[in-house]
Amino acid sequence: MYFPILLASLGFVCFFIWYLAAENAATRRVAGLGAILSSILTCGLALIPVNGQSPITLGLDLQGGTEFLLEVQGDPSAQALDQASAVIRKRLDVLGTREISIQPEGSNRLKIQIPGLQGSQVRDAETQITQAAKLEFRLVPDNEAEIRGKALANGGKLPYEYALDYELLPMIEKDASGKDVTSQIVVNRQASMSGNHVARAYRSIRQMGESVVIMDFDSEGTKQFGDITQANVHHRFAIVLDRVVRSAPVINEAIMDGSASISGGSMTALECEELASVLQNPLENPVKIQSERSVDASLGADSIHSGLQAGIIALALVVCFMSAYYLVSGLIAVLALSVNLILLFGLLAQFHFTLTLPGIAGIVLTIGMAVDANVLIYERIRDELATGKTARSAIDIGFEKAFSAIFDSNVTTLIPAMVLAYLGTGPLRGFAVTLVLGIVANLFAALVVSRNSFDWILARTETPNLKMMQFIKSPRFDFLKYRGLGLGLSAALLLAGAVAVGMRGESLLGVDFKGGDAVTLTYQEKTDIGDLRAALKNAGVKDVTLQYASGSSALLIETQEGQGQRAIDVLEQNFPKAGFVSGSVDKIGAQVGGEMKQKAVTALLLGLFGILIYAALRFEWSYALAAAVGQLHDVLVALSIMAILDRELTLPLVGAFLTIAGYSINDKIVVFDRIREGARLREKGSFYEVINRSLNLTLARTILTGSTCLLATLALIIFGGPVIHDFSLAMFIGIMSGIYSSHFISPGLAWWLGRMGSASPAPASTAKVSSKKSPVAA
């Protein structure tokens, strides 16, 4: 499949270069059609399954599985990280796991992803990963019983005269019924031999059917073990693994064959296999699990179903809206949207990006935002037709004048998406990737597919049907008149949000930022929250947060670190009629939580600052400042309302806030682009009137694009499932705030700065703005 994709890609490159270099309409039509068809062919070929495998890689949150973030202790070198990675991979092979992904994260961490690993297998994997497997052979003193008795009489501590030479360690052995019993035994403090010379370890079965682990030593170990056993015949020799004595047999004779066995305790066959794997693959540096995320396959399947349902509904709503409102032009927008989605999924498959549940949310948002460019173009065409221009002239001018706003708005959405892709982790990075790919596909679909469609229509007729609905005809609202009221309402809302944040304090932060366990349980029968909390409290599970997810049969639980599994066990045992089933378990260490909090702040600041710098380069600094204040306002409004609604601040919400910042600046760029154009053309009236006229001219676009995005996010809220519900709700709030601030907050600030002499349609300012033409005009 690689060769056909390569040929199709080369064809696209050739056609696209030809399209850009075309000097007449006929050549541009043919080259544009070739570029479109070759791009569809390239992505279509990438979406064909190979060997029965899905062309798109699903994240663990969709296919089910477990992810571990490990920290290699000490100050590991690159070689130590490679050794740890290789050893852990060999250890996990004994569990029968496949498609294990182990990647370095920073200088001392490893990220392990194991598809399909869930339930009791997770705990087995934890053991395989973290067990240091420090194997030692220690002699047991002849008067062991006497020394142990004195230690027990001394509160479990060896008397001083014995403490320098001996050590009291736990020992696992069997009782008369064959059950595991932990006792204590005194052994030499100094090991006679280490486990570094184990060449091979494997499970074997004794005559009575007992599973044991056999160890074979290398040549040096064989000699050393033989010398020790020969010198200590009739003495006990303890086999110590990670400071636990697994067996302490009496040496009946010298063992010269270079092998030893570990029994003790009723080890199952699987436990013996795991222990043998650990012994044969010791870690040079111990590792610690810093975070763990586990998703059941059934919850992953539900997430896929919810995401697809939300996507289909969002697509249907946007298609119906555009077709009904813009008629024939709306059908062209639908065609562009279709090509956009083919390109998006094709790029995901071609470059092997991972699709996550937040990634599906990104695709749904792309559906809502994709028609933004078409709305901009169509509203410009409408304006030109109203002045008496011909259809061909109106289309040409519409595309040319809309290009600057389309380009700027997509770049400002790209900036926070790139920040998320760089600083984000796991599923959130998947959201950023789909957003970036959606922006690239959107630019091509709007500027090439839509334009090429109109070119072919114009080739057949000079009077195409460009009728469109118009629910707001020639608006004359005095938006600036209500700037004071708008600021007052925003100040009141932000103050209420600040109070909510202050009252909640640390409890506002989710486990992503403070550490702890987050559990999702699905249920068959709803149980009173008070009864659940009482049962957990009686079982010793403290500081627990319980919440039923709206719109789904899921219970969300947050506990202190290490208490998540205990909470699951308690609820499953005490409420069998509820039918609780573990859907996902996230375990975040306090250290990782602190690092995520720092990353979230950095990502927000970088995203907002990057957008501000770009806007300042494209516009006058006063416009950029007014737009930046507006986008910050929208982010804070979303944060405030989420705090008032008692929602936690999580990593996905940070992604939502960055996306809100990108969307918000889009709206304001379109508004200020019109204001800048009015100033450059020296439109009649004062600067106050120029701003008001521009706001009225962009009102339809703001409402229309906001409506399509709101339809998409509404579909996510209702049908997207509990995992992305808060993300979708924050986006909905942010989009609403963006529509409001684009006409009542930022323009008022721009007018105030204009009065201060920072922005004005006067000639001095006009000269500065007019030098920044759109790329098309240039």
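Below is a short write-up of the structure. (Residues numbered from 1 in each chain as written. Predicted model: local features only at pLDDT ≥ 70, side-chain atom pairs only at ≥ 80, totals over all residues. Heavy atoms only, no water.)

A tally of regular secondary structure across the protein chain gives 25 helices and 19 strands. Among the 778 residues that make up the protein chain, the fraction classed as buried is 52%. Taking the intrachain contacts of the protein chain between residues at least 6 apart in sequence as the baseline, contacts between residues at least 24 apart amount to 77%. Here the protein chain has roughly 34000 Å² of accessible surface; of this, 59% comes from carbon and sulfur atoms. (Helix = DSSP H or I, 4+ residues; strand = E, 2+ residues; numbered from the N terminus. Buried < 20%, exposed > 50% of the residue type's maximum accessible area, 1.4 Å probe, protein only. Contact = heavy atoms within 4.5 Å. Areas by Shrake-Rupley, 256 points an atom, 1.4 Å probe, with all protein chains shown as cover.)

So, about unusual backbone geometry. One non-glycine residue with positive phi stands out, namely Arg 243, at about 65°. Structurally, the position occupied by Arg 243 is in the loop between β11 (237-241) and β12 (244-247). Exposure remark for Arg 243: the relative accessible area of 44% places this residue in the partly exposed category. We note that Leu 327 has phi near 60°; this positive angle belongs to a residue other than glycine. Topologically, Leu 327 is positioned in helix α10 (residues 297-350).

Counting across every chain of the model gives 27 salt bridges. The salt bridge involving Glu 167 is made with Arg 243; its shortest N-O contact spans 2.1 Å. On the criterion of sequence distance, the pair formed by Glu 167 in strand β6 (residues 166-174) and Arg 243 in the loop between β11 and β12 is long-range, its members being 76 residues apart. Glu 167 gets classed as buried once you look at its relative accessible area, which sits at 10%. If you follow the salt bridges from partner to partner, you end up with Arg 28, Asp 396, Arg 451 and Asp 455 in one network. (Salt bridge = Lys/Arg side-chain N within 4 Å of Asp/Glu carboxyl O.)

We now examine helix α23 (residues 725-744). In this model α23 runs 29 Å from its N-terminal to its C-terminal C-alpha over 20 residues, within 8% of the 28 Å that 1.5 Å per residue would give. Within α23, 14 of the 20 residues are buried, which leaves the element mostly enclosed by the surrounding structure. (Expected span 1.5 Å × (residues − 1).)

Ordered by their spatial adjacency, three strands build an open sheet running β9-β10-β13, and the pairing between neighbours is antiparallel. Each edge of the sheet is formed by a strand with only one pairing partner; in this case those strands are β9 (198-205) and β13 (259-262). Between one strand axis and the next, the sheet turns through 25° on average, direction left out of account. On top of the sheet, helix α8 (residues 219-231) reaches β10 (211-217) and β13; it is set at about 105° to β10, its chief contact. Most of the contacts of helix α9 (residues 269-280) go to β9, to which it runs at about 175°, and overall it touches β9, β10 and β13. (Pairing = 2+ DSSP bridges. Axes fitted to C-alpha atoms, helices over the stretch in contact; angles between N-to-C directions.)

On to the side chain of Ser 329, then. With respect to the helices, strands and loops of the structure, Ser 329 is situated in helix α10. Judged by relative accessible area, Ser 329 falls into the buried class, the value being 1%. Apart from the residues lying within four places of it in its own chain, the contact partners of Ser 329 are Tyr 378, Phe 454, Leu 466 and Met 468.

In this section: the environment of Ser 622. Looking at the element boundaries, Ser 622 is found in helix α20 (residues 621-644). A sequence separation of 486 residues divides Ser 622 from Glu 136, and the C-alpha atoms of the two residues are 72 Å apart.

By the definition in use, this model includes 26 aromatic pairs. Ring geometry for Phe 321 and Tyr 325: centres 6.0 Å apart, planes at 0°, overall stacked. Linking Phe 321 with Tyr 325, this pair stays in helix α10, spanning four residues, or about one helical turn. In this structure Tyr 325 comes out as buried when scored by relative accessible area, which is 6%. Measuring from centroid to centroid gives 4.9 Å for Tyr 325 and Tyr 326, while their planes differ by 80°, and the two rings are edge-to-face. Take Tyr 326: its relative accessible area is 0%, and that puts it in the buried class. In textbook terms, an aromatic cluster arises when at least three aromatic residues are bridged by ring pairs, as seen for Phe 321, Tyr 325, Tyr 326, Tyr 378, Phe 399 and Phe 454. One Lys or Arg, Arg 451, reaches over the ring of Phe 399 and ends 5.2 Å from the middle of that ring. Positioned above the aromatic ring of Tyr 548, the side-chain terminus of Lys 526 is 4.7 Å from the ring centre. (Phe/Tyr/Trp six-rings, centres within 6.5 Å; stacked < 30°, edge-to-face > 60°. Lys NZ or Arg CZ within 6 Å of the ring centre and 35° of its normal.)

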